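Survey of secondary and tertiary structure
Below, each chain spelled out in residue letters.
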Amino acid sequence: MNHNNNHLITRDIFDKVILPVYAPAQFIPVKGKGSRVWDQNGDEYIDFAGGIAVNALGHCHPNLVQALHEQSEKLWHVSNVFTNEPALCLAQKLIDNTFADRVFFANSGAEANEAALKLARHYAIEKYSPYKTKIISFNHSFHGRTFFTVSVGGQAKYSDGFGPKPADIVHVPFNNLDAVKSVIDDHTCAVILEPVQGEGGLNSATVEFLTGVRELCDQFNALLIFDEVQCGMGRTGTLFTYEQYGIAPDILTSAKALGGGFPISAMLTTEAISSIMYPGVHGTTYGGNPLACAVGCAAFDTINKGDIFAGVSAKRALFIAELEKINQKFDVFSQYKGKGLLLGAELNIKYQGKARDFLNLATEFKVMILNAGTSVLRFTPSLVISDEEIKDGMARFAKAVEKVISVCQSQAI
Ligand SMILES: *Cc1c(COP(=O)(O)O)cnc(C)c1O
């Protein structure tokens, strides 16, 4: 097969050659620029999905294209047997702008969380006791698909069916401090949470909850891990979401928007915690890859600006105003959730369970959106999406909503 002959590549091939763990839309995107995407037929889409909160600067942002191009002619890969300039540069930026002193690079959110959980276990075992291994996690949380991270995640349907799970992991309700109090003890090594639960339905932690969990972790010498894979890197209007809570975690993970579309992740921690690690105790071949880190540096510099952060809250307000117009007309949403441009619109009682129908019809009207569970629509667009693109996309989305409703009504008859 000639891979340059796009007309030979059709959506049917997916159903024959790709492991059937996804059900992608029927069109194949071939080009993107900013918040617009084109498919094989040249049809144009407005992108409110942003590659699941990854394309924080839209598609093919010139700063990222330039960084990738320049690095692609210098050095692609050396492994961690050698270090490289882009990795050191990005690590320094992350440290200069957060609570952290040390960075571990990996390639996906799951791997960053895997490293975080292994670090927390190892730290507790080395420093306190071989029995200090309990990990406290929350219902509806999501931390990735490796077996450890998916077992820590709060949706058993993703971790069941694969045999014995890693042990000593407990799940309690999110935003419920009493529930944490009832399970935390001296054998607890870590509490892990997303300050805004992404996949789980855009649930934001309350200030009382996060500060309370921080105090409990301190009291029981447990490490507090914030998974900011989805909610970090400017998405909620600050570089990382924890900044809005007046507390800091002991370990933080970042991925998704960190590379703006190039696969990269990072685990950040303090000097004291990292001091129990030594060469050979953990690792990865690609982590800190020069291409990924060069793009990461450009993405970091472009995102880490006051006007980008201010834009996030202004654009959220515009999104909600446009959604509310649709809601006034069609009565579909019960509430808006999340923070910044990690925005959820919960379907009201009439449309509970139908999020996927809204998604499918949205693509028919040429706008890309996401769901978070079956009853919340999720919008994670570029942080630099223009107001015109928001309005244009929402006009398309309004037509999709109208059609969902007419389909539902015809089914009800
Ligand atoms: C997406 C996500 C992950 C997993 O990241 P991958 O790159 O898919 O491994 C982990 N945690 C959160 C909060 C996420 O949103």
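Residues numbered from 1 in each chain as written. Predicted model: local features only at pLDDT ≥ 70, side-chain atom pairs only at ≥ 80, totals over all residues. Heavy atoms only, no water.

1. Focus: the nonpolar core
Judged by nonpolar contacts, the single largest core of 87 residues is most densely connected at Leu377, Phe379 and Phe397. Of the residues forming this core, the biggest block, 9 residues, is contributed by helix H14 (residues 387–412). When residues of this core are assigned to domains, at least three map to each of domain 1 (6–60 + 306–412) and domain 2 (75–303). Here leucine 377 is in contact with Phe333, Leu343, Gly344, Ala345, Leu347, Ala355, Phe358, Ile369, Leu370, Asn371 and Phe397, once residues within four sequence places are set aside. The next biggest cluster of nonpolar side chains, apart from the first, holds 20 residues, and it includes Val152, Cys189, Ala190 and Ile273. (Core = buried A, V, L, I, M, F, W, Y, C linked by side-chain atoms within 4.5 Å. Buried < 20%, exposed > 50% of the residue type's maximum accessible area, 1.4 Å probe, protein only. Helix = DSSP H or I, 4+ residues; strand = E, 2+ residues; numbered from the N terminus. Domains from an automatic or database assignment. Contact = heavy atoms within 4.5 Å.)

2. With respect to the environment of leucine 223
When you line up the elements, leucine 223 lands in strand S10 (residues 223–227). Residue classification places leucine 223 among the buried residues on the basis of a relative accessible area of 6%. Between the alpha carbons of leucine 223 and glycine 288 there is a distance of 25 Å; along the sequence they are 65 residues apart. When residues no more than four places from it in sequence are discounted, the contact partners of leucine 223 are Ala120, Tyr123, Cys189, Ala190, Val191, Cys217, Asp250, Ile251 and Ile273.

3. Quick notes on the site of the ligand
For the ligand, the full set of nearby residues is Ser108, Gly109, Ala110, Asn113, Phe142, His143, Gly144, Glu194, Asp227, Val229, Gln230 and Lys256. Glycine 109 is positioned with one of its backbone polar atoms (N or O) 2.8 Å from an oxygen atom of the ligand. A distance of 2.7 Å is found between an oxygen atom of the ligand and a side-chain nitrogen or oxygen belonging to glutamine 230. Across the complex, the protein chains shield 81% of the 380 Å² of accessible surface that the ligand would expose by itself. The element that contributes the greatest number of residues to the shell around the ligand is helix H5 (residues 109–127), accounting for 3 residues. Looking at side-chain class alone, the shell around the ligand contains 3 nonpolar, 6 polar and 3 charged residues. (Near = heavy atom within 4 Å. Polar contact = N/O pair within 3.5 Å; in protein donor to acceptor, adjacent residues only side chain to side chain. Areas by Shrake-Rupley, 256 points an atom, 1.4 Å probe, with all protein chains shown as cover. Nonpolar A, V, L, I, M, F, W, Y, C, P; charged D, E, K, R; others polar.)

4. With respect to the domain arrangement of the protein
One widely used convention gives an interface's size as the accessible area the parts lose upon coming together. Looking at the assigned domains, one finds that the protein contains domain 1 (6–60 + 306–412) and domain 2 (75–303). Between the C-alpha centres of domain 1 and domain 2 the distance comes to 28 Å. With 24 residues of domain 1 at the contact, the number on the domain 2 side is 26 residues. The three residues of domain 1 that bury the most area against domain 2 are Phe309, Lys339 and Leu342, which together make up 32% of that side's buried surface. Where domain 1 packs against domain 2, one counts 1 salt bridge. Here glutamate 199 ties to arginine 378 by a salt bridge, and the two come within 2.9 Å at their closest N and O atoms. (Buried area = accessible area lost by both parts, 1.4 Å probe. Salt bridge = Lys/Arg side-chain N within 4 Å of Asp/Glu carboxyl O.)

5. Side note on the sheet that holds strand S4 (residues 102–106)
Through backbone hydrogen bonds, the strands of a sheet pair up, either in parallel or in antiparallel fashion. Spatial strand order, S4-S12-S11-S10-S7-S5-S6: 7 strands in an open sheet with mixed pairing. Of all strands in the sheet, those with a lone pairing partner are S4 and strand S6 (169–172), marking the two edges. Averaged over all adjacent pairs, the angle separating strand axes in this sheet is 20°, with direction ignored. As paired elements, S10 and strand S11 (residues 251–254) share 3 bridges and run parallel to each other. Opposite aspartate 227, over in S11, you have threonine 253 as the bridge partner. (Pairing = 2+ DSSP bridges. Axes fitted to C-alpha atoms, helices over the stretch in contact; angles between N-to-C directions.)

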